[in-house]
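The residues making up each chain are set out below.
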Amino acid sequence: MKLAILGGGGFRTPVIYRAIASGATRTRYDELALYDVDSGRLDRIEAVLRGIDATEGTSVRHRSTTRLEEAIEGADVVYCAIRVGGLAARFVDETVPIELGAIGQETAGAGGLAFAMRTVPAITAIAETVRRCAPNAFFINFTNPVGLVTEALSPILGERLVGICDAPQELCGRVAAALGRDARDLAFDYFGINHLGWVRGVLDGNRDLLPGLLEDDERLGSIEEGRLFGTEWIRSVGMVPNEYLFYYYFQDRALEAMRGGVVRASYLREQQDRFYAGDGTPAASLALWQETLTERESSYMEEAWIGRETERAAVVEGRLPGGYGGLALGLVDALLGEGETSVRILNVPNRSSLPFLDPDAIVEVPCLVGPGGIRPIAIGSVPIDAAGLILRVRAAERVAIEAALSGSRRLAVKALALHPLVPSVDVAERIVDGYVARDPILAETLR
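Just so we're clear, the structure is a prediction, and the values are computed from it rather than from any experiment.

S.K.: Just give me the short version of the overall build of the protein chain, but keep the residues and values in it.
M.R.: Looking only at helices and strands, one finds 21 helices and 13 strands in the protein chain. Computed over the C-alpha atoms, the radius of gyration of the protein chain is 21 Å, within 12% of the 22 Å expected from 2.2 N^0.38 for a compact globule of 447 residues. Referenced to the eigenvectors of the C-alpha coordinate spread, the extents of the protein chain come out at roughly 55 × 55 × 45 Å. Put simply, the protein chain has 447 residues, and 58% of those count as buried. Sequence-distant contacts in the protein chain: of pairs separated by 6 or more residues, those separated by 24 or more amount to 71%.

The structure is reproduced here in structure tokens:
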């Protein structure tokens, strides 16, 4: 079994490697191929992997390469987590909208659309190479914005493509913990698109536990979302929102914090530059990587907690480690298992899961996963406010895909103007002007 990791010089690669090296997966991987355009980043991650080998007392056969075809050739599974333009481009994505009075965030609003328009041409070219060099491989997309990018790849890779995000799984875990239950013993009625979803029900057999949680101030207030949104607003919504809905429900608060200098790209760029510029033994490299990862997780969505430092400290203390690695590896185990079927929240073609979206739209919903493939569970009707927000965001994302593939600046403006986090057409035009002026990749893409 060959696993190719595209973006193998990225910060999460050691999480996946460690899980495989420690024997935490049912699937046995004979070979790992780590691909990245930056050989220096690959070398730095290689030092961390050697540190893991020394710690675990085992190793996985692997090799690093800057040649895409070499990494993909003969792969059974491809994980893709690339960042076109790196953190320097993300800094532009986030700061240009803030300067013009709009939310600046990696995956939400103008920043997410800019990230996508820079990424889609590159990742669709990768997908064509996968289709040619490894036509039977499962392609698991980590690349943000996950839903949009997965939808852009769907016409090329078809049913062997799936998008994953750990946010829904972690949200369900926090809800289960507030109920004093193990998430594995419950079923979650979750629906939406990536970074725009809600827990609508928590089922223990035929009994829904969510109404009781919504009425319990202490339990509801104990979870990150209860602190982030406030228990009264969650009760008004009647569902527990994904944390990214903070940018939609509390735009003014988020924008004020961002204008005050809380820009995550700036923090991450400084932190990761320090890590990738480092040197030393495998043990020292592993220790620095672990320290950097812990700092990274603790600063997540920092802009949401300005002026609420006590609450933020409690949230950080209760956070689970990032779950991308375990989620992806567990998905492969489920797909290659022997007759077992499990339920996982994934980004897949809608079919008829959410009736207000067309069959090809990529949705984030619970799916039945097993050797027969991935089948989204029917969600049915949802509250009109949620459906309306999903439709507006998905409309903007689809225009962004078209803009990226056609190179149309006019469509780029339209995509931003349609998004609910961009105030007007005029602001959308100025944001696109700012991106083209400061991002050489977008200047080349959008004509």
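S.K.: Let's hear about the packing of helix α2 (residues 39-56) against helix α14 (residues 264-276): which residues, and what values?
M.R.: Two numbers describe a pair of packed helices, the interaxial angle and the distance between the axes. Direction vectors running N to C along α2 and α14 enclose 75°, while the axes themselves pass 10 Å from each other. Between α2 and α14, the angle falls in the class roughly perpendicular. Where α2 abuts α14, its residues R41, R44, I45 and V48 lie against Q272, F275 and Y276. Its residues placed into classes, the contact of α2 with α14 shows four nonpolar, one polar and two charged.

S.K.: I'd like a description of the packing of helix α1 (residues 13-21) against α2, backed by residues and values.
M.R.: α2 packs onto α1 with a crossing angle of 30° between their chain directions and a minimal axis gap of 10 Å. On the basis of the axis angle, α1 is roughly parallel to α2. The two elements α1 and α2 cross, and the hand of that crossing is right-handed. Contact residues: α1 offers T13, P14, Y17 and R18, while α2 offers I45, V48, L49, I52, D53 and E56. Class assignment for the residues of the contact of α1 with α2 results in six nonpolar, one polar and three charged.

S.K.: Any details on helix α18 (residues 384-406)? Residues and values, ideally.
M.R.: Compared with the 33 Å implied by 1.5 Å per residue over 23 residues, the 33 Å span of α18 between its first and last C-alpha is a close match. Within two residues after α18, G407 carries a phi angle of roughly 75°, on the positive side.

S.K.: Which residues make up the environment of F191, and what values do they have?
M.R.: Following the sequence through the fold, F191 ends up in strand β7 (residues 187-193). Given the relative accessible area of 0%, F191 is considered buried. In the structure, F191 is positioned 154 residues away from I345 in sequence and 8.8 Å away in space, judged by C-alpha atoms.

S.K.: Can you break down the pairing of β7 residue by residue, with the values?
M.R.: Counting buried positions along β7 yields six of seven residues, so the element is predominantly enclosed. Pairing between β7 and strand β8 (residues 196-204): seven bridges, direction antiparallel. Looking across to β8, one finds that Y190 is bridged to V199.

S.K.: Pulling in residues and values, what's your account of the nonpolar core?
M.R.: Among the nonpolar cores identified, the biggest contains 96 residues, and Y79, W198 and Y247 are the most heavily contacted of them. Per-element tally for this core: the top contributor is helix α17 (residues 324-335), with seven residues. If you look at the next biggest cluster of nonpolar residues, it comprises 30 residues, including V120, I401, A404 and V422.

S.K.: Describe the packing of aromatic side chains, listing the residues and the values that go with them.
M.R.: Within this structure, the stated rule accounts for 12 aromatic pairs. Ring plane angle 70° and centroid distance 6.5 Å describe the contact between F11 and Y276, whose orientation is recorded as edge-to-face. Of the two residues, F11 is situated in the loop between β1 (2-6) and α1 and Y276 in helix α14; the sequence distance between them amounts to 265 residues. Judged by its relative accessible area of 16%, Y276 is buried. Ring geometry for F275 versus Y276: centroids 5.0 Å apart, planes at 75°, classification edge-to-face. Take F275 and Y276: they sit in the same class, and that class is buried.

S.K.: Go over the pattern of salt bridges, please, and point to the residues and values.
M.R.: As enumerated under the stated definition, the model contains 28 salt bridges in all. Between E340 and R26 there is a salt bridge, and its shortest N-O distance comes to 3.7 Å. Placement of E340 in the loop between α17 and β11 (342-349) and of R26 in the loop between α1 and β2 (31-35) is noted, with a sequence separation of 314 residues between them. On the basis of relative accessible area, E340 is assigned to the partly exposed category, the value being 46%. By sharing partners, the salt bridges in this structure join E151, D358, R394, E397 and R398 into a single network.

S.K.: I'd like a description of the state of the cysteines, backed by residues and values.
M.R.: Working definition: the covalent bond between the sulfur atoms of two cysteines is a disulfide. Under the defined criterion, the tally for this structure stands at zero disulfides. With no disulfide of its own, C80 lies 14 Å from the sulfur of C133, the closest cysteine sulfur. Of all cysteine sulfurs in the structure, the one in C165 sits closest to C172, which takes part in no disulfide; the separation is 12 Å. On the basis of relative accessibility, which here comes to 4%, the residue C172 falls in the buried class.

S.K.: Explain the side chain of T13 residue by residue, including any values.
M.R.: Tracing the backbone through its elements, the reader meets T13 in helix α1. Assessed through its relative accessible area of 4%, T13 is described here as buried. Contact partners of T13, with chain neighbours within four places excluded, come to I5, G7, G8, L34 and I45.

S.K.: Describe the side chain of R118, with residues and values.
M.R.: Note that R118 resides in helix α5 (residues 110-133). The residues touching R118, leaving out its near neighbours within four places in the chain, are V84, G85, A89, R90, D93, D439, I441 and L442.

S.K.: Tell me about the environment of V92, and please be specific about residues and values.
M.R.: Mapped onto the elements of the fold, V92 is located in helix α4 (residues 86-99). Sequence separation of V92 and A114 is 22 residues, and the distance between their C-alpha atoms is 9.2 Å. For V92, the contacting residues outside a window of four places in its chain are P97, Y435, R438 and D439.

S.K.: Would you mind going over unusual backbone geometry in detail, with residue names and values included?
M.R.: For the peptide bond that leads from N144 to P145, omega is -10°, which places it in the cis range. Along the chain, the position of P145 falls in the loop between β5 (138-141) and α6 (146-157). Phi is positive for H195, close to 60°, though the residue is something other than glycine. You can see H195 is positioned in the loop between β7 and β8. Among the residues examined, H195 registers a relative accessible area of 8% and is labelled buried. Of note, R351 is a non-glycine position whose phi angle comes to about 55°, a positive value. Within the secondary structure, R351 sits in the loop between β11 and β12 (362-370).

Definitions and limits used
All residue numbers here refer to positions counted from 1 along the written sequence of the relevant chain. Confidence filtering applies because this is a predicted model: local features only for residues at pLDDT of at least 70, side-chain atom pairs given and counted only at 80 or more, and all residues used for totals across whole chains, interfaces and linings. Hydrogen atoms and water are omitted, and side-chain values are computed over all heavy atoms in the structure. In this description a helix means any DSSP run of H or I spanning at least four residues, a strand means any run of E spanning at least two, and both kinds are numbered starting from the N terminus. In this treatment the radius of gyration is a C-alpha quantity, and the globule benchmark scales as 2.2 Å times the residue count to the 0.38 power. Whether a residue is buried, partly exposed or exposed follows from its accessible area with a 1.4 Å probe, protein chains only, as a fraction of its type maximum: under 20%, in between, or over 50%, in that order. Residues count as neighbours in contact if any of their non-hydrogen atoms are within 4.5 Å of one another. All axes are obtained by fitting lines to C-alpha atoms, using only the stretch in contact for helices, and the reported angles, taken between N-to-C directions, cover 0 to 180 degrees. Geometric relationships in this document are graded by angle, where less than 35 degrees denotes roughly parallel, more than 145 denotes roughly antiparallel, 65 to 115 denotes roughly perpendicular, and other angles denote oblique. Residues are grouped as follows: Ala, Val, Leu, Ile, Met, Phe, Trp, Tyr, Cys and Pro are nonpolar; Asp, Glu, Lys and Arg are charged; every other residue, Gly included, is polar. For any pair of crossing helices, the crossing counts as left-handed if the nearer helix is rotated counterclockwise from the farther one by less than a right angle, and right-handed if it is rotated clockwise. The length a helix should cover is 1.5 Å for every residue beyond the first. Any two strands with at least two DSSP bridges between them are considered paired. The nonpolar core is taken to be a set of buried Ala, Val, Leu, Ile, Met, Phe, Trp, Tyr and Cys residues, with the residues joined through side-chain atoms within 4.5 Å. Aromatic pairs are defined between Phe, Tyr and Trp rings, using the six-membered ring for Trp, whenever the two ring centres lie within 6.5 Å; interplanar angles under 30 degrees are classed as stacked, those over 60 as edge-to-face, and all others as tilted. Salt bridge criterion: a side-chain nitrogen from Lys or Arg within 4 Å of a carboxyl oxygen from Asp or Glu. Disulfides are defined as pairs of cysteine sulfur atoms found within 2.5 Å of each other.

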